[in-house]
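# Topology and contacts: notes
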Amino acid sequence: MCSNDSPSQKRDGATEADESTSNLPQQLQSEYGASIDQLRDTQLPDTRIRELVTHCVETQATLDRHDRGDPEQTLALVTAVAEAMADLEEATVVPEDEVPDSRALATGVPTEEYALTAAERDEVLDTLSSLLFTAVETPPAPQSPAPEAAD
């Protein structure tokens, strides 16, 4: 077995902290920042982009304050990503040369006018998938025990 196969151990059996997780909050903040930039360049409806960017910014702020994410915030972000993916599923996919002038990107809810090329849809799916993985990697803050209900 190679010495690089497992974390190093001290004589008492304790393992040293993995260096790859010691800067996790900063790395996650950077990934959320990259997601924000990517989202702004996608062909999602404007309101969906604003919603996703808002969730990313809120999560970055929580990471900045606590080095942990808020589970409710993460759930809201994951839900928004799922809704954006549903928007993509309902979008009309058109060839490059048939992209309509108005693609309903300024509307709140995509309509049958919401059209994307296959390349644009793949790009948006890639961005949303990356954001979803970032959200899943965000460590949750420990939950405080729920107060007991009075009888």
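Scroll up to find the structure.
What comes next concerns the included structure.

Moving on, we get to the overall build of the protein. Summing up its helical and strand segments, the protein has 5 helices and 2 strands in all. The proportion of buried residues among the 151 residues of the protein is 31%. A fraction of 65% describes how many contacts in the protein between residues 6 or more apart in sequence connect residues 24 or more apart.

A word on helix α2 (residues 24–40). With 17 residues, α2 extends 24 Å from end C-alpha to end C-alpha; this agrees with the ideal 24 Å at 1.5 Å per step. Buried-residue contacts for α2 involve α3 (46–66), α4 (71–90) and α5 (118–137).

Before going further, it helps to spend a moment on the pattern of salt bridges. Here the structure, examined in full by the defined rule, presents 3 salt bridges. A salt bridge links E51 to R48; its shortest N-O distance comes to 2.8 Å. In this pair, E51 and R48 both sit in helix α3, 3 residues apart, roughly one turn of the helix. A relative accessible area of 28% places E51 in the partly exposed class. The residue R48 makes a salt bridge to E83 at a minimum N-O spacing of 3.1 Å. Within this pair, whereas R48 is found in helix α3, its partner E83 is found in helix α4, the two being separated by 35 residues in sequence.

Turning our eyes to something else, we now look at the side chain of T62. Among the secondary structure elements, T62 is positioned in helix α3. A polar side-chain atom of T62 sits 2.9 Å from a polar atom in the side chain of Q73. Among residues more than four places away in sequence, those in contact with T62 are D67, R68, G69, D70 and Q73.

Before going further, it helps to spend a moment on the environment of E89. Summarising the element assignment, E89 is placed in helix α4. Residues E89 and R121 lie 32 residues apart in sequence; the distance between their C-alpha atoms is 9.0 Å.

Rules of the game
Residues numbered from 1 in each chain as written. Predicted model: local features only at pLDDT ≥ 70, side-chain atom pairs only at ≥ 80, totals over all residues. Heavy atoms only, no water. Helix = DSSP H or I, 4+ residues; strand = E, 2+ residues; numbered from the N terminus. Buried < 20%, exposed > 50% of the residue type's maximum accessible area, 1.4 Å probe, protein only. Contact = heavy atoms within 4.5 Å. Expected span 1.5 Å × (residues − 1). Salt bridge = Lys/Arg side-chain N within 4 Å of Asp/Glu carboxyl O. Polar contact = N/O pair within 3.5 Å; in protein donor to acceptor, adjacent residues only side chain to side chain.

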